[in-house]
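# Descriptive structure summary
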Amino acid sequence: MDSGGLELALVFLLAAVLAVPVFKRIGLGAVLAYLVTGVLLGPHALALVRDPGRVLAASEIGVVMLLFVIGLELSLPRLKLMRRPIFVAGGLQVLLTGTVLGGLAMLLGLGWKAALVIGLGLALSSTAVGLQLLSERKELATEHGRLAFAMLLFQDLAAIPLLAAIPLLGKAKSAGLEWDDVLRAVAVIAALVVGGRYLLRHLFRVIARTDIPEVFTGAALLVVMGSAWLMQLVGLSAGLGAFLAGVLLAESEYRHELESQIKPFEGLLLGLFFMAVGMGIDVHRVVNEPLLIGAGVVTLLLVKSALLFALGLRPGRLAPRGAVLLAGVLALGGEFAFVVFGEAAKARLLDIATRDRLIAIVGLSMAITPLLLLVASKLLPRATSAQEREYDAIPDRQPQVLVAGFGRFGQIVARLLRAQGIPFIAVDPDIEQVNLSRQIGTDQIYYGDPTRLALLRSAGAAQVKVFVVAINGVEASLRMVRLVRKHYPQARVFARARDRRHAWQLVDLGAEALRETYASSLEMGRDVLVALGMARGQADQHARRFREWDESLLESQRLLQDDEDALLQATRDARRELDGLFDADAGAMPPAAGPVG
C-alpha cells in the first residue's frame, strides 16, 4: 500500500472499528490499540503503510486540537481550588522525575540539552490512559484519583513550555540563541493573547448569529489552526498557539459549543497520530536491542513509581495503599512524550536511533501498566477508612441541574435555583439571548445546541442530577428528552410542554411534563373566583381539586392518544364530569367548563 489518501482512511477506520473495541474490552485502552495497530501496519512489520511520515505530519493536527481542548478546560477558579495538589505535588513530581531521569541520561553520555528533554519528556504520564484506568475502576473520586488528576493537569501545563522551548534549545545548540528570535516569539504571544482576548468573542458572536452550524465549526477550526500557524511562524510549537486560544475562550459563553465541535476532530486525528507513532516504532530495533529497551522500561517504571509513592505519602497525604495505586496509575510514559521526542528529533537535539528507543520505551510502559495496576490492586488489602484531606472539603461546583433553553420559562427555574445556591448550567441556541443574559450577570449560560450529545457531554451532563428541558420547539424538546433518557437514564427530566398532546409524548419518553401556561392559568382562575365573591380558602380548595381531576384526566387520555375516536369520546365524557365536579359543595360556584392547556 502506497499510503494514498483513500487507503489510509480505510486502514484507520478499520483500526477504530476492530482494534479499539477489543483492547478496551480487555482493559488496555484505545491509545494502546492505535499504537499496536500502527506497529503492525507500519513499514517495520506488515508494511501495509510504507510512508508513515506523511501520516504523522497530517495527524499532528490532532495534538494541536488536544492542546486547544486542554486550554478550554483550564479555568482560574479550578486552578485556585486545587492549587496545592496541582502546583506542589504536581510540580515536585515533574521536577524530581525530570531531574533523576535526566541525570541518568547524562550518565549515559548525552549532553545536558538532550538529557533535559528526555528527563522532562519521560516525567509526563498519559492523561488518556491514566484517566481511563481511574474511570474504569471507579476511582476518580478517591483520594489517589484526585491527586492523580491534579498531577496530570500540571503535566499538561508543563508540556506547553517544554514544547515551546525545544525549538529554541535546538537553535541554541546549532547556531547560538539569537535574542531577536526570543523577542519575536514574545511579541507574537503577546499579540495573540491581547488580540484574542478582545477579538475572539466578537468573532464567535458574529458567527453564531448566522445560525449555521457548519460555519461555527469552520470558525472554530480556523481559530485553532490560525493560532497554531502564528506560533510556527516564529519557530515555536504549534500547540502553544492552540493552547493559548483555548485559555482565552475558557471563560466565554462559547466554551462548551467549541469543545463539542472540536472533540470529534481531536479524537479521530489523535487516533491517527498514535497510529503514526506506532508505525514509526522500529520493531527490528526492539528485537535487536531487547535488553536495552527492557532496561529502559524497567528503569522508567521503577524511578517514577518510587518518586510517586513518596510524593503520595508527602505532600499528598495518602495512605500507603493509595500511594501505591497512585504510582501504578502514573508511572507509565505519556502521549506527550511522543510529541516531545519527535520535536526534539526535528530540532536535532536527539538522533533518530535515540528517539526510536525512547518511543519504544514509552509505548511498552503504556502497554504493561494496566496489567501491573490490576495485579497491584489484587495484592493490596482494601482500605478500611478514608483520611480527610484539606482539598476534600472544597465545595463541588459541578452543576447539579442543566437548563436547556433560557427563555421566560427557563429563566424562572434558574432564578429559583440561584436563590437557593444550587449550581446549574444553562444552554441556549439563541446567541442574542445568551449575550443579554450575560450582560445582566448570568455567567452560567453558554451558547450551543442542547439537543447535541457532544455538547451535553462537554457541559458535564454525566454528573447532572436534573435536566430542565425548556426549549421552545416541540420537536427539539422531544429530541433532547430522547437523548437524555438514552444516555443519562439515572437523571430526572422535567420538560416544558406546549399542550396536552406534547405532554403525553414527553411522559411516554420518561419525562415529567409541565404544561407551560397551566399553573399560571389555574392561579388566575382561582383569583377570578375570589373576585366573584368566593372565600379564599374555598377557592384554593376548588383549584386543588380541579388540578387533581385534570391530572388524572391527562393520564387517562394519554393511554388513548393513538385512538382518535376513543379520545374524542373520553373528552366528551370529561366535559360532563367537569360540569358536576363541584355540585356536592354547598354554595359552590362551578367553574366554566372548557379545555385547559
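This write-up is about the structure you can find in this document. Please read all numbers here as calculations on a predicted model, not as lab measurements. (Residues numbered from 1 in each chain as written. Predicted model: local features only at pLDDT ≥ 70, side-chain atom pairs only at ≥ 80, totals over all residues. Heavy atoms only, no water.)

## Examining the nonpolar core
One finds F338 and F341 to be the most contacted residues of the largest nonpolar core, which totals 92 residues. In terms of residues, this core owes the most to one element, helix α8 (residues 143-174), which gives 12 residues. Not counting residues within four places of it along the chain, the set of residues in contact with F338 comprises L35, F273, F274, V277, I359, V362, G363 and M366. Formed by 35 residues, the second largest nonpolar core is a distinct cluster that contains F68, V69, A242 and A426. (Core = buried A, V, L, I, M, F, W, Y, C linked by side-chain atoms within 4.5 Å. Buried < 20%, exposed > 50% of the residue type's maximum accessible area, 1.4 Å probe, protein only. Helix = DSSP H or I, 4+ residues; strand = E, 2+ residues; numbered from the N terminus. Contact = heavy atoms within 4.5 Å.)

## Topic: the sheet that holds strand β3 (residues 445-447)
In space, the six strands of this open sheet follow the order β3-β2-β1-β4-β5-β6, with parallel pairing throughout. Edge strands, defined here as strands with exactly one partner in the open sheet, are β3 and β6 (512-515). Here the average twist between neighbouring strands, direction ignored, is 20 degrees. Summarising the sheet, strand β2 (residues 424-428) and β3 pair through three bridges and their orientation is parallel. Paired with A426 across the two strands is I445, which belongs to β3. (Pairing = 2+ DSSP bridges. Axes fitted to C-alpha atoms, helices over the stretch in contact; angles between N-to-C directions.)

## With respect to a nonpolar patch on the surface
A contiguous nonpolar patch, built from V36, L40, L46 and L48 and spanning about 330 Å² of accessible area, is present on the exposed surface. Turning to its location among the elements, L48 is positioned in the loop between α2 (30-41) and α3 (52-73). (Patch = residues over 30% accessible without salt bridge, like charges linked within 9 Å, V, L, I, M, F, W, Y side chains within 5 Å. Areas by Shrake-Rupley, 256 points an atom, 1.4 Å probe, with all protein chains shown as cover. Salt bridge = Lys/Arg side-chain N within 4 Å of Asp/Glu carboxyl O.)

## Some remarks on the environment of A306
Counting through the fold element by element, A306 comes out in helix α14 (residues 290-313). Linking A306 and T97, residues 209 residues apart in sequence, is a C-alpha distance of 9.7 Å.

## Remarks on the pairing of strand β1 (residues 401-404)
Residue alternation in β1 divides its side chains into two sets, V401 and V403 and L402 and A404, and both sets are buried. Both β1 and β2 contribute to a ladder of four bridges, which runs parallel. By the bridge assignment for β2, V401 is matched with F424. Bridging between β1 and strand β4 (residues 466-469) involves four bridges; their strand directions are parallel. By the bridge assignment, L402 is partnered in β4 with F467.

## Quick look at the pairing of strand β5 (residues 492-497)
The pairing of β4 with β5 spans four bridges and is classified as parallel. Following the sheet pairing, V466 is matched in β5 by R492. Relative to β6, β5 is paired through four bridges, and the arrangement is parallel. Counterpart to R496 in the pairing with β6 is L514.

## A closer look at the packing of aromatic side chains
One pass over the structure, following the stated rule, counts eight aromatic pairs. Both rings, one in F87 and one in F154, keep their centres 6.2 Å apart while their planes meet at 90 degrees; by these two values the pair is edge-to-face. With F87 in helix α5 (residues 83-107) and F154 in helix α8, this pair connects stretches of sequence that are 67 residues apart. The buried category is assigned to F154, whose relative accessible area is 18%. (Phe/Tyr/Trp six-rings, centres within 6.5 Å; stacked < 30°, edge-to-face > 60°.)

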